[in-house]
Amino acid sequence: MPIRTASARWQGNLTEGAGTLRTGKGGLEGNYSFKSRFEEGEGTNPEELIGAAHAACYSMAFSKALADAGATPTSVETTAKVHFDKTDAGMTVTAIDLETVGQVPGIDEAQFGKLAEAAKANCPISRLLSPGATINLSARLAS
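Residues numbered from 1 in each chain as written. Predicted model: local features only at pLDDT ≥ 70, side-chain atom pairs only at ≥ 80, totals over all residues. Heavy atoms only, no water.

Caption draft 1: Highlighting the nonpolar core. With 25 residues, the main nonpolar core has Y58, F62, L66, L98, V104, I107 and F112 as its most contacted residues. Of all the elements in the fold, those that place two or more residues in this core are helix 2 (46–68), strand 4 (75–87), strand 5 (90–103), helix 3 (109–122) and strand 6 (134–141). Counting residues per element, this core draws most heavily on helix 2, at seven residues. Apart from the residues lying within four places of it in its own chain, the contact partners of F112 are F62, L66, G102, V104, I107, A139, R140 and L141. (Core = buried A, V, L, I, M, F, W, Y, C linked by side-chain atoms within 4.5 Å. Buried < 20%, exposed > 50% of the residue type's maximum accessible area, 1.4 Å probe, protein only. Helix = DSSP H or I, 4+ residues; strand = E, 2+ residues; numbered from the N terminus. Contact = heavy atoms within 4.5 Å.)

Structure (C-alpha cells):
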C-alpha cells in the first residue's frame, strides 16, 4: 500500500500566526489559524480534518460491510463531531460522535445496526483514534 502524505506550514506565533495545509496529491488545500481552531474564525483546523477523515473512512467501511452482507447501499452519509476539550493533560480530542444515515434497500433495522457497529470497530481511523477518544455511533436507516 502507498504511504499517504500531507503537509502544513505555520508562520508566526501561536495566537497571531497563520498556516496553510495541503494533502499529498493536492485534493485538499486550506488555511488554518488560532481563531479557526479555538474560536470561530474562517479556515479549517486539525480537528475538522480528523473528523473528515473519520467520516470518510467510516462511510467506506460501512459500505463494504453492507455489501459483504448482500445489501449494497445506495448511499451512506456520515458526520463526525469531534469533541476538543481541555483536560489535565492539555487540549485533547476526547470523543467523536459519528452520525450516519444509510439508504440501503433490502435490509432491516436490526441487521443495519449490527453492521454499523461492526464497521465502527473495523474502520482503520476508528481503530487509530479509539484508544484515546470515545467513539459514539448513531446509525439510522433512511426510509
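Now that the structure has been shown, we can carry on.
Caption draft 2: Up close: the packing of aromatic side chains. Inspection of every chain in the model, using the stated rule, returns five aromatic pairs. Taken together, a centroid distance of 5.6 Å and an interplanar angle of 35° make the contact between Y58 and F62 tilted. Of this pair, Y58 and F62 both sit in helix 2, separated by four residues, roughly a single helical turn. Per residue, the accessibility class of Y58 equals that of F62, and both read buried. (Phe/Tyr/Trp six-rings, centres within 6.5 Å; stacked < 30°, edge-to-face > 60°.)

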